[in-house]
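Coordinate inspection notes
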Amino acid sequence: MPHKVQVIDDEWAVTEALVARLNASGFETHASPDGAAGIEEARTFGPDVILLDLRMPDMDGFEVLRRLRADPALAAIPVIVLSANVQDSARQLALASGAARFFSKPYLAADLVDAIHGVIEAASNKTRAAA
């Protein structure tokens, strides 16, 4: 069964390209157009990892991340932040808020796919160790 990746990003062209790359890499994907929808859809899709943009109109990625971490049903899902914001303060805040990784746009797709595999494996190992 393929690993599930949810993309939460308001830029549809970027999302479509990313979803196509992830599908070609063997992932099952779901795209959400904004933060509120992404949080709700994560409950039904059950992703193994979430790829999250920071700059979105309804709520920014920091607020989405805060809500994911506050929800017991979603708190353990690893989040990789993808952002055009290249400031180190944004990266530091995202990681301090619970993001597993941070990628500045543009990024290399192969590096992102490797990171997805890595955070899924780390989450799986953490779950096994807790059991």
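Treat the numbers as computed from the prediction; the structure is a model and nothing was measured.

Regarding unusual backbone geometry
Omega for the peptide link from K105 to P106 comes to -5°, which places this bond in the cis form. Structurally, the position occupied by P106 is in the loop between β5 (101-104) and α5 (109-130).

Observations regarding the nonpolar core
Counting residues in hydrophobic clusters, the biggest one holds 19 residues, and the most contacted among them are I50, L52, V64, L68, V79 and V81. Those elements giving two or more residues to this core turn out to be α2 (35-45), β3 (49-53), α3 (61-70), β4 (79-83) and α4 (88-96). Element by element, the count of residues in this core is highest for α3, at 3 residues. Ignoring anything within four residues of it in the chain, the contact list for V64 reads I8, G35, I39, L52, M56 and M59. Ranked by size, the runner-up nonpolar core spans 17 residues in total, among them F27, I80, V113 and A115.

With respect to the confidence of the model for the chain
Residues with a pLDDT of 70 or more make up 97% of the chain, whose mean pLDDT is 93. Taken element by element, the predicted model of the chain shows its lowest mean pLDDT in α5 (87) and its highest in strand β1 (residues 4-8) (98).

Regarding the pairing of β3
Counting buried residues along β3, 5 of its 5 residues qualify, which places the element largely inside the surrounding structure. In this structure, β1 lies alongside β3, joined through 4 bridges in parallel fashion. Bridging from a neighbouring strand, V7 pairs with L51 of β3. The sheet contact formed by β3 and β4 spans 4 bridges and is parallel. If you follow I50 over to β4, its bridge partner there is V79. Crossover handedness for the path β3 to α3 to β4: right-handed.

Conventions and cut-offs
- Counting restarts for each chain, with residues numbered from 1 along the sequence as it is written.
- Local features are withheld for residues below a pLDDT of 70 in this predicted model, meaning they are given only at 70 or higher, and side-chain atom pairs are given and counted only at 80 or more; totals for whole chains, interfaces and linings count all residues.
- To obtain the side-chain values, all non-hydrogen atoms of the structure were used and water was disregarded.
- Secondary structure elements follow DSSP: runs of H or I of four or more residues count as helices, runs of E of two or more count as strands, with numbering from the N terminus.
- Here the nonpolar core consists of buried residues drawn from Ala, Val, Leu, Ile, Met, Phe, Trp, Tyr and Cys, with membership extended through side-chain atoms lying within 4.5 Å.
- Relative accessibility under 20% of the residue-type maximum defines a buried residue, over 50% an exposed one, and the middle range a partly exposed one, all with a 1.4 Å probe and only protein chains included.
- Contact between two residues is taken to exist if any of their heavy atoms lie within 4.5 Å; hydrogens are not considered.
- Scored from 0 to 100, pLDDT records how confident the predictor is in each individual residue.
- When DSSP finds at least two bridges between two strands, those strands are taken to pair.
- We call a crossover right-handed when, viewed with the strands running away from us, the connection from the first strand over the helix to the second turns clockwise.

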